[in-house]
Amino acid sequence: MNAGQEPSPWWMPGRHVDRKPFLQARSAITRATREWFGGEGFTEVETGILQKSPGNETHLHAPSADLTSASGDKTRHYLRTSPEFACKKLLAAGETRIVEFARVFRDRERGLLHLPEFTMLEWYRANEGYEAVMADCIVVIARAAQETGIGTFSFRGKSADPFAAPELLTVADAFSRFASIDLLATIPEGQADRNALAVMAGHHVRITEDDTWSDIFSKVLVEHIEPNLGLGRLTILYEYPAPESALARAKPSDPRVAERFEVYACGVELANGFGELIDAGEQRLRFTAAMDEKERRYGERYPLDEDFLAAMTRMPEACGVALGFDRLVMLASGATRVDQVVWTPQEGDA
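No experiment lies behind these values; they were computed from the predicted model shown.

> How do you make sense of the packing of helix α5 (residues 194-201) against helix α6 (residues 213-225) when you look at a structure like this?
Packed helix pairs are specified by the crossing angle of their axes together with the interaxial distance, meaning the distance between the axes. At a closest axis distance of 9 Å, the pairing of α5 and α6 adopts a crossing angle of 30°. Judged by the angle between their axes, α5 and α6 are roughly parallel. The way α5 lies across α6 gives a crossing that is left-handed. Residues Arg194, Leu197, Ala198 and Ala201 of α5 lie in contact with α6, whose contacting residues are Trp213, Ile216, Phe217 and Val220. Along the lines of polarity and charge, the residues of the contact of α5 with α6 split into seven nonpolar, no polar and one charged.

As structure tokens, this is what we get:
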């Protein structure tokens, strides 16, 4: 291809041949993953993509679609950012172990690790602690590597052994180790003290007057913590601060942190899991606060899923996790961009 020439479409045979090894790896990993979940007694489910509420997190944005009734009335719907609400309704209905290869959508996201449409592998265990889905993640990641025969995950000059015992690291310890910040001192009784964190983080990141506690936390996490995670082996980063865990329950022994974890390899976030919050009243308060902040920042808010909040009153104790399946395939296949492992990427990708 000459300099300045546009790449040929992904469906041209020559381009497809180049991508095919990654796609074959995807198929193999999908089969192996399904087999493992089946062996563990999980039921594979399919939940709806069009939802009246796509989720209620401040910084997640969903494409919208207006549905027209036979009488011509239009109703606003959204393409889901996660299957979480629907899956938890199934838990309320009586399901105990469920898994879904879910197509999900995120507006305002595109890059080496981000696509506006991608596959999220999400699963739930009723009546089990969140350590159970932590362990699941390690097995699923290792099986993906085993299926492709890759010995080491690599990304942007960093590497990780997917078969080695993972590093267990609390968020507070990570902030202390990599940024010299006493994070728990900035969330007394679980309430965020923005000024306290700003003072501690001021030497590490640029802080503006408009930055909230969560903004400052995210800046430090992205710039100083995440690049140091999943090096040499996987890292399980756990006990997230309560202000950053809108869907997770608080740790019984310490209300400053929640039962939330993330799994990293080569500095790449692969999975995000929770001990699930089942207090509908508390969940409503958290969602409302998040939508107030979304409206302040972006001039929009999404409706609350009242059906979901009603279902929460019948939900059992549960744990769940969402794993970026495309990212896992990327690392396990040796691809360098997430769009290389997608069968039909959007125009301009792959």
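> Can you help me understand the sheet that holds strand β2 (residues 50-51) in this one?
Through backbone hydrogen bonds, the strands of a sheet pair up, either in parallel or in antiparallel fashion. On the basis of which strands lie adjacent, the open sheet formed by three strands has the order β2-β4-β3 and antiparallel pairing. Two strands lie at the open edges of the sheet, namely β2 and β3 (64-68), each paired on one side alone. As defined by bridge partners, β3 adjoins strand β4 (residues 74-79) across five bridges and the pair is classed as antiparallel. Bridge assignment links Ser64 to a residue of β4, and that residue is Tyr78.

> Is there a simple way to think about the sheet that holds strand β11 (residues 235-238) in this case?
Reading across the sheet, the eight strands line up as β1-β5-β6-β16-β15-β14-β11-β9 and stay open at both edges, with mixed pairing between neighbours. Strand pairing shows two members of the sheet lacking a second neighbour, β1 (43-44) and β9 (167-170), which therefore form its edges. Note: β1 against strand β5 (residues 97-105), two bridges, orientation parallel. Counted as the bridge partner of Glu44 is Val99 from β5.

> Quick question: what am I supposed to make of the state of the cysteines here?
When the sulfur atoms of two cysteines share a covalent bond, that bond is a disulfide. Evaluation of the coordinates by the stated rule reveals zero disulfides. Left unpaired, Cys137 is separated from the closest cysteine sulfur, that of Cys319, by 10.0 Å. Taking the relative accessible area as the measure of exposure, Cys137 reaches 0% and is therefore buried. Not part of a disulfide, Cys266 finds its nearest cysteine sulfur in Cys137, a span of 16 Å.

> Would you explain the pattern of salt bridges in this entry?
When the charged atoms of two side chains lie near each other, side chains of opposite charge can form a pair. Taken as a whole, this structure holds 30 salt bridges when the rule is applied. Between Arg297 and Asp215 there is a salt bridge, with its nearest N and O atoms 2.1 Å apart. In this pair, Arg297 sits in helix α7 (residues 280-298) while Asp215 sits in helix α6, placing the two residues 82 residues apart along the sequence. Given a relative accessible area of 11%, Asp215 falls into the buried group. When the shortest N-O distance is used, the salt bridge between Arg296 and Glu293 registers 2.7 Å. A residue pair is termed a helical-turn pair when its members lie 3 or 4 positions apart in one helix, as Arg296 and Glu293 do in helix α7 at three residues. Classification of Arg296 by relative accessible area gives partly exposed; the value is 44%. Salt bridges sharing common partners tie together Glu40, Arg97, Arg125, Glu128 and Asp136.

> Can you help me understand the side chain of Glu100 in this one?
With respect to the helices and strands, the residue Glu100 is situated in strand β5. Every residue in contact with Glu100, bar those within four places of it in the chain, is listed here: Val45, Glu46, Thr47, Arg80, Pro83, Cys87, Met120, Leu121 and Glu122.

> How should the packing of aromatic side chains be read in this particular structure?
Each aromatic ring pair is summarised here by two numbers: the centre-to-centre distance and the angle between the ring planes. All chains considered together, the criterion is met by twelve aromatic pairs. Taking the centre distance of 5.0 Å and the plane angle of 80° together, the rings of Trp36 and Phe37 count as edge-to-face. Residue Trp36 shares its accessibility class with Phe37, and that shared class is buried. Ring centres 5.0 Å apart and planes at 85° place the aromatic pair Phe37 and Phe42 in the edge-to-face group. What makes Phe37 buried here is its relative accessible area of 2%.

> How do you make sense of the side chain of Thr33 when you look at a structure like this?
Here Thr33 is to be found in helix α1 (residues 13-39). Residue class for Thr33 comes out buried when judged on its relative accessible area of 5%. Beyond its immediate chain neighbours, meaning those up to four positions away, Thr33 contacts Phe101, Leu121, Val140 and Phe325.

> What is the right way to read the pairing of strand β15 (residues 268-275) from this model?
In terms of burial, β15 is a largely internal element, seven of the eight residues being buried. As paired strands, strand β14 (residues 260-265) and β15 are joined by six bridges and run antiparallel to one another. Bridge pairing in β15 places Phe261 opposite Gly273. Hairpin connection of β14 to β15: two residues between the antiparallel strands, including Cys266 at a positive phi of 60°. Bridge count for β15 against strand β16 (residues 318-324) is five bridges, and the pairing is antiparallel. Residue pairing across strands places Ala271 opposite Leu323, the latter belonging to β16.

> Got a minute to help me understand the nonpolar core in this structure?
Nonpolar side chains in soluble globular proteins generally cluster together in the buried interior. Within the largest apolar cluster, 45 residues are counted, with the highest numbers of intra-cluster contacts made by Leu121, Trp123, Phe153 and Phe261. When residues in this core are grouped by element, the largest group, nine residues, is from helix α3 (residues 131-148). One finds Val171, Leu183, Leu184 and Phe217 within the second-largest nonpolar core, a separate group that totals 25 residues.

The rules behind the values
Residues numbered from 1 in each chain as written. Predicted model: local features only at pLDDT ≥ 70, side-chain atom pairs only at ≥ 80, totals over all residues. Heavy atoms only, no water. Axes fitted to C-alpha atoms, helices over the stretch in contact; angles between N-to-C directions. Helix = DSSP H or I, 4+ residues; strand = E, 2+ residues; numbered from the N terminus. Parallel < 35°, antiparallel > 145°, perpendicular 65-115°, else oblique. Left-handed = near helix turned anticlockwise from the far one by under 90°. Contact = heavy atoms within 4.5 Å. Nonpolar A, V, L, I, M, F, W, Y, C, P; charged D, E, K, R; others polar. Pairing = 2+ DSSP bridges. Disulfide = S-S within 2.5 Å. Buried < 20%, exposed > 50% of the residue type's maximum accessible area, 1.4 Å probe, protein only. Salt bridge = Lys/Arg side-chain N within 4 Å of Asp/Glu carboxyl O. Phe/Tyr/Trp six-rings, centres within 6.5 Å; stacked < 30°, edge-to-face > 60°. Core = buried A, V, L, I, M, F, W, Y, C linked by side-chain atoms within 4.5 Å.

Functional significance is not addressed by these values, which are geometric in nature.
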